[in-house]
Amino acid sequence: MHRRPPLEDFAIDTINPAGPFRRIAMLGNHTPRQCGIATFTTDLRNAIATEFTGLDCFVLAMNDGDQRYEYPDPVRFQLADADLASYRRAADFLNVNTVDVLSVQHEYGIFGGKAGAHVLSLLRELRMPIVTTLHTVLRNPDPAQRASMDELTRLSERLVVMSAYGAKLLTEVHGVPVEKIDLIPHGIPTVPFESDSKDRLGVHGKSVILTFGLLSPDKGIEYAIEALPAILEKFPDTVYVVLGATHPHVLRHGDTYRLQLESRAQELGVDSNVIFHNRFVSIDELTDFLGAADIYITPYLNAEQITSGTLAYAIGSGKAVISTPYVYATELLADGRGILVPARDPAAIAQEVIGLLGDEPRRLAMRQRAAAWGKAMRWPAVAHQYVKSFERARVDQAARLRTRFQAKTLATRSGDLPELNLEHLRLMTDDTGILQHAFFSVPRYSEGYCLDDNARALLLMALIEDAGELDGKSVRALASRYLAFVSHGFDRASGRFRNFMTYNRGWNERIGSEDSQGRALWALGAVIGRSTDPGRQSLAGDLFHAALPPVSAFSSPRAWAYALLGISEYLRAFKGDTTVEATRAQLADRLLVLYRDTQGPSWPWFEDQLTYSNPRLSQALIVSGGALANDEMTAAGLRSLEWLAEVQTTAGGYFAPVGSNGFFRRGEAMARHDQQPVEACAMVSACLDALRISGDARWWQRARKAFGWFFGQNHLQQPLYDARTGGCRDGLHADRVNQNQGAESTLSFLLTLQELRAAHAGAGAVLGSSAPSHVSASIVWPHRPTAPPNGAGMTR
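In short, a report on the structure.

What counts, and where the lines are drawn
- Residues numbered from 1 in each chain as written.
- Predicted model: local features only at pLDDT ≥ 70, side-chain atom pairs only at ≥ 80, totals over all residues.
- Heavy atoms only, no water.
- Helix = DSSP H or I, 4+ residues; strand = E, 2+ residues; numbered from the N terminus.
- Buried < 20%, exposed > 50% of the residue type's maximum accessible area, 1.4 Å probe, protein only.
- Areas by Shrake-Rupley, 256 points an atom, 1.4 Å probe, with all protein chains shown as cover.
- Core = buried A, V, L, I, M, F, W, Y, C linked by side-chain atoms within 4.5 Å.
- Contact = heavy atoms within 4.5 Å.
- Pairing = 2+ DSSP bridges.
- Right-handed = clockwise from strand over helix to strand, strands pointing away.
- Phe/Tyr/Trp six-rings, centres within 6.5 Å; stacked < 30°, edge-to-face > 60°.
- Lys NZ or Arg CZ within 6 Å of the ring centre and 35° of its normal.
- 1 Å grid on protein atoms, 1.4 Å probe; cavity = no way out; pocket = protein on both sides within 12 Å on 5 of 7 lines; lining within 4 Å.
- Points joined across faces, edges and corners; volume = space filled by probe spheres on them.
- Nonpolar A, V, L, I, M, F, W, Y, C, P; charged D, E, K, R; others polar.

Structural notes on the overall build of the chain
- For the chain, the count of helices and strands is 27 helices and 25 strands.
- Projected onto its principal axes, the C-alpha coordinates of the chain cover approximately 95 × 65 × 45 Å.
- Here the chain holds 796 residues, and 59% of them are scored as buried.
- Put simply, the chain shows about 30,400 Å² of open surface, and 51% of that area lies on carbon and sulfur atoms.

This is the structure:
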């Protein structure tokens, strides 16, 4: 049993909160948005404003997708959950308005990005202390959740939890010191112990069982309904009131759960005793329903739930409570303040309801114990505890800054990356797939399509979906189109993909190149490892397994490398697939043998020439060596990539990839012209993986240098990225920029940008826990020229 420890174990010093405070900001959901976090943020803000009239307390509200709300005056800034730029604007807003403390209401699902990681980009930029209230702490977080929570706890001066078990998880799972944690109860309104609201609600003379809150399948309400037949045999005048609208996220997929509940009540013949109030109620309405309830029940199914506003309200209003034994209920209902029953057990619910309805003295005693406990949970008391926590955060931050001065201004922000602009990508995409080439920025139909580019586009969509940066609907549409093209290109009889397709949808070949097969496997692996759409994952999985076996007979090192990168993506989801792991070991060993046989003191490389997509060979060894714990393999990948970075750097310090007009043969001069965006993309990606595996911060500098090539840090001092269209020009000739904005070039830029954005956001998939904590602060991204370059367009 989890009992609340003495408050002094987590308590806040009695620091006088008056005086220094002027302005407090809160970040979270806010009413009229309908969810528990919105209600909590609204109530906490109002309580603080009421108790501390001299404080300016306002809210930055999270919006769900493109949804906009008519907020009251305390909401002064709105953020779109998936729009990373809005988080950075919010950071500017907070810093400029000299906020003293930011109070964050944290739940993974209300912020954008993988495991809500977008909020970290806001918090990193702030000058004021951060106090984060954690509404969910998981015992077994997945890697993305762990990485997000670990950084959140580091960025926060203080952490507020509402249960002792939540504090225990913070210390055991995330290593948070206990002295950084404040245990503050969930706030509740003041509700009278006795009420005449049964008359107003039309249930006079009836025994009322109540459940309230937003409906979702994890609430377990069906088990309470299934308990009713037994209850009605003993107390036929009983009604079960299910109060609350369906959760908006559930409602997006239809109101199926509510319909299932109504159908189950009809099947059991208890529908006349079940009252559904399908709406989000005000506090005054909720007070009436609580006043009318004889028994409150939370039959929730999630045993790890560490807080429940509805249960807190019921206890605070002195209700007799029956609940399943989730963590918060176990703590709150201890010492006779309520009754616990097993989850999914209608018979146990019926037994306890019958017992309470038949024993008025016992029920009254339980109510009195609950009401006495709930006094400390009323909003005025909770508001005072929060303000003490805010003051402690200011003291903690001041002490920390005295020992380690940190200067951070808007002018030195490390994340000055362009926004992800898919305008040109969409222009190049029709209902078949993405077209290969463009004349300037106009799609060139005569060149048709290719598997290579559609695979690159599919890979990009998987990375974007994984990061959660853009509107999910548009990402799904593009991802499905590119996957459909890849699927159509596969010939099951041969196990091979076709590559080139004419504009009239005719294939130009029976079997495509080995490299195109590898690229397709890479993209399919990313869909399997990163997509949340089961349909796309299933199709990608079927294609991946059908297309992987032929690679073992391939002779192209790049095809091996692309396949290895795809296998790495696949194993994110299915680590332990022995067949795929065996193929990885075989291909990686083959690539390592090639390196051993060819490399020399002045030529640490896999072949006797550098041609195209060279960094992918090193990257495949680095990633595979890290996964296989093969130090020789990892070292070979890092050494070859380091040498490649050196030979592709000019005397002036610019990144200059091997030119496609001659390449670079061993013992000869390297071609410097007709440089391609695909090379810069591969170098940045390989450097990021080198950083992830090695932890060497120099790889950041190399990634930055290669990315700068897109923005004019090249021998022509001309940008290739076109911010007006969202496209990327096709390459650098000796004297001019190729003005055409084809698919390969544009996708190379977008893939590079997306990987860097994910790395800067701290997503563990790119940086990993081994990356030095100071790395992101050292990045200064290149200036982004906007003037169009000179030079006539040429095709690739």
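Description of the nonpolar core
- In terms of nonpolar packing, the biggest core is built from 112 residues, with Leu425 and Met461 touching the most fellow members.
- With near-sequence residues (within four places) excluded, Leu425 lies in contact with Ile434, Leu460, Met461, Leu478, Tyr482, Leu747 and Leu750.

Considering the pairing of strand E12 (residues 320-323)
- Of the two faces of E12, the one carrying Ala320 and Ile322 and the one carrying Val321 and Ser323 are both buried.
- Both strand E11 (residues 295-298) and E12 contribute to a ladder of four bridges, which runs parallel. By the bridge assignment, Ile297 is partnered in E12 with Ile322.
- In this fold, the crossover linking E11 to E12 by way of helix H11 (residues 309-316) has right-handed handedness.
- With two bridges joining them, E12 and strand E13 (residues 339-340) adopt parallel strand pairing. When the bridges of E13 are listed, Ile322 appears paired with Ile339.
- A crossover connection joins E12 to the parallel E13 through helix H12 (residues 327-332); in handedness this β-α-β unit is right-handed.

What to know about the packing of aromatic side chains
- With the rule as written, the count across this model stands at 30 aromatic pairs.
- Ring centres 4.9 Å apart and planes at 85° place the aromatic pair Phe439 and Phe440 in the edge-to-face group.
- You can call Phe439 partly exposed: its relative accessible area is 49%.
- The ring of Tyr612 has Arg558 lying over it, and the distance from NZ or CZ to the ring centre is 4.8 Å.

With respect to empty space enclosed by the protein
- Overall, the coordinates contain four cavities of 30 Å³ or more when judged by the stated rule.
- Considered as a void within the structure, the largest cavity measures approximately 140 Å³ in volume.
- Around the largest cavity sit Ala455, Arg456, Leu459, Arg519, Trp522, Tyr562, Ser613, Arg616, Val678, Cys681, Ser748 and Leu751, which together line it.
- Here the lining of the largest cavity gets three residues from one element, more than from any other, and that element is helix H17 (residues 451-467).
- Along the lines of polarity and charge, the residues of the lining of the largest cavity split into seven nonpolar, two polar and three charged.

Any functional reading would require information that these geometric values do not contain.
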